[in-house]
Amino acid sequence: MDTKELLKKVRKIEIKTRRLSDHIFGGEYHSTFKGRGMTFSEVRQYQFGDDVRSIDWNVTARYNEPYVKVFEEERELTMMLMVDVSGSELFGTSNQIKKEIITEISATLAFSALQNNDKAGLILFSDEVELFIPPKKGKSHVLRIIRELLEFKPKSNKTDIAGALKYLTNVMKKKAIVFVLSDFIAEDYERTMKIIGNKHDVTGIRVYDEREESIPNLGMVQMQDFETGKIQLVNTQSKSVRNAYSNYHRERVAYFKETFTKSGSGVLDCRVDESYVKKLLGYFKRRG
């Protein structure tokens, strides 16, 4: 992708997702993810109706009349986007592949953070952490995140969610809002999620294609695994083959939902041909 084409794509995604975050998600995001607590702002004279528990007795004694402490919400938060860039994200049978939807959702969330004056960071992972952009504020920073989501070429096609989550614990010492975007066709990340869920506010967003849920009866078909590159002939006429495939997929989805829920984290399913806008809004409203 040349620079001109890339900038055009970034601009297109910016216009679409910024409008969403400005008009729809800004307020929802703000009310869903509260600040870290209250921070001291100033002292002022006591007014009728003030809570007596907020009286500053030292200042009151000095001036011989009651003064109260004023606190305000410490709003600034840090949001981390953890995005699966493994080979399976290039799959798609409708108008869009999973990667494109993941990019749009990530951009919308990043602009929502920008609008609320929060920091946003990015981790791109396969079976290794491919890229880490530390959290920062500002529009140019969000546009850099979008550029990387569009253009980044991973070294590996495989997936290791546990490894990416472990990396997060090492780089993020303070509590953060974390969105993990993947198809979650992976295993063995339950223990790591338990640790992450205790420390951070985590949401797993599963982006999937309906064709991944089952194989249609098409006779002998040559299939390629996006992650391993392995090609093999599959007899889709066989009911046991189709059932085994469906069962494996169902197990992975159940494992994802159970693992995230048990760790106190949120889960969200988004099919590529569905409106992620409705899904995100519904999720924010349920949580708010």
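For the structure itself, look to the data block above.
Quick caveat: nothing in here was measured; it's all calculated off a predicted structure. (Residues numbered from 1 in each chain as written. Predicted model: local features only at pLDDT ≥ 70, side-chain atom pairs only at ≥ 80, totals over all residues. Heavy atoms only, no water.)

Asker: Honestly, the overall build of the protein chain in this entry has me stumped. Any pointers?
Answerer: Within the protein chain, the secondary structure is distributed over eight helices and 10 strands. Within the protein chain, the fraction of its 288 residues that count as buried is 47%. Contacts in the protein chain between residues far apart in sequence, at least 24 positions, make up 74% of those at least 6 positions apart. Only carbon and sulfur atoms are counted for the fraction: they give 49% of the accessible area of the protein chain, which is about 15500 Å². (Helix = DSSP H or I, 4+ residues; strand = E, 2+ residues; numbered from the N terminus. Buried < 20%, exposed > 50% of the residue type's maximum accessible area, 1.4 Å probe, protein only. Contact = heavy atoms within 4.5 Å. Areas by Shrake-Rupley, 256 points an atom, 1.4 Å probe, with all protein chains shown as cover.)

Asker: I would appreciate a short explanation of the sheet that holds strand S4 (residues 119-125) in the present structure.
Answerer: Either a parallel or an antiparallel arrangement is found when strands of a sheet pair, and the pairing is made through backbone hydrogen bonds. If you walk across this open sheet you meet the six strands as S5-S4-S3-S6-S7-S10, and the pairing is mixed. Lying at the two open borders of the sheet, with one neighbouring strand each, are strand S5 (129-136) and strand S10 (266-271). Across the sheet, the mean angle separating the axes of adjacent strands is 15° when strand polarity is ignored. As paired strands, S4 and S5 are joined by five bridges and run antiparallel to one another. (Pairing = 2+ DSSP bridges. Axes fitted to C-alpha atoms, helices over the stretch in contact; angles between N-to-C directions.)

Asker: Would you take a moment to explain helix H7 (residues 239-262) for this structure?
Answerer: Along an α-helix, a turn takes 3.6 residues, which lines up residues three or four apart on a common side. Across its 24 residues, H7 extends 34 Å between first and last C-alpha, which sits within 8% of the 34 Å expected from 1.5 Å per residue. All of the buried residues along H7 are Ser246, His249, Arg252, Val253, Tyr255, Phe256, Thr259 and Phe260. Buried-residue contacts for H7 involve strand S6 (177-182), helix H6 (190-199), strand S7 (201-208) and S10. In the segment just after H7, Gly264 is the residue with positive phi, at about 80°. (Expected span 1.5 Å × (residues − 1).)

Asker: How do you make sense of the packing of helix H3 (residues 98-115) against helix H4 (residues 139-151) when you look at a structure like this?
Answerer: In helix packing, the relevant descriptors are the interaxial angle and the interaxial distance, both defined with respect to the helix axes. Here H3 crosses H4 at 170°, and the two axes come no closer than 10 Å. Put simply, H3 runs roughly antiparallel to H4. Judged by residue contacts, Lys99, Thr103, Ser106, Ala107, Ala110, Phe111 and Leu114 of H3 engage Lys139, Val142, Leu143, Ile146, Leu149 and Leu150 from H4. Among the residues making up the contact of H3 with H4, the classes are represented as nine nonpolar, two polar and two charged. (Parallel < 35°, antiparallel > 145°, perpendicular 65-115°, else oblique. Nonpolar A, V, L, I, M, F, W, Y, C, P; charged D, E, K, R; others polar.)

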